[in-house]
Amino acid sequence: QVQLVESGGGSVQAGGSLRLSCAVPDIIFRSVNWYRQAPGKQRELVASLDGSITTTYANSVKGRFTISRDSIRKSVDLQMNSLKPEDTAVYYCNGQTWGRTDYWGQGTQVTVSS
């Protein structure tokens, strides 16, 4: 059973930065994605890395968040800059195999205060 391991969540003031890291096992993923979910809201896809090359971002985070692969550390990171209170959520790392099997991280809380 393979799972993803996340780190880097925490609390920060508006305008600050956090870097989330998702440790990826030795498996070839079709895509690696970051989702977030706030209480009472639907889970939202915020960033995707497809084929380890192509990046896609939700409009709400475009220009502020960057998803990237670290081949040395075997991780997929999410650099979050200029954080806003509306970014407050639990963030989940997701990896999807070519067989469309999903692997998930445990979730890490990000809290942005005014």
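Computed from a predicted model, the values in this text were never measured in an experiment.

Caption draft 1: Inspection of the overall build of the protein chain at higher detail. When helices and strands are tallied, the protein chain shows zero helices and eleven strands. Secondary structure elements of the protein chain occur, N-terminal to C-terminal, as β-β-β-β-β-β-β-β-β-β-β. At 13 Å, the protein chain has a C-alpha radius of gyration in line with the 13 Å of a compact globule built from 114 residues. Overall, the C-alpha framework of the protein chain stretches about 40 × 25 × 25 Å when taken along its three principal axes. Taking as baseline every contact in the protein chain between residues at least 6 positions apart, the subset at least 24 positions apart corresponds to 52%. Charged side chains in the protein chain number 12 positive and 9 negative. The centres of these two groups are separated by 3 Å.

Caption draft 2: Up close: the sheet that holds strand S8 (residues 75-80). Overall, antiparallel pairing links the four strands, which are arranged S1-S3-S8-S7 in an open sheet. The open sheet has two edge strands with one neighbour each: strand S1 (5-7) and strand S7 (65-70). Averaged over neighbouring strand pairs, the angle between their axes works out to 15 degrees when direction is ignored. Bridging between S7 and S8 involves six bridges; their strand directions are antiparallel. Bridge assignment links Ser68 to a residue of S8, and that residue is Asp77.

About the criteria used
- Residues numbered from 1 in each chain as written.
- Predicted model: local features only at pLDDT ≥ 70, side-chain atom pairs only at ≥ 80, totals over all residues.
- Heavy atoms only, no water.
- Helix = DSSP H or I, 4+ residues; strand = E, 2+ residues; numbered from the N terminus.
- Rg over C-alpha atoms; globule rule 2.2 N^0.38 Å.
- Contact = heavy atoms within 4.5 Å.
- Lys, Arg positive; Asp, Glu negative; His and termini not counted.
- Charge placed at Lys NZ, Arg CZ, Asp CG, Glu CD.
- Pairing = 2+ DSSP bridges.
- Axes fitted to C-alpha atoms, helices over the stretch in contact; angles between N-to-C directions.

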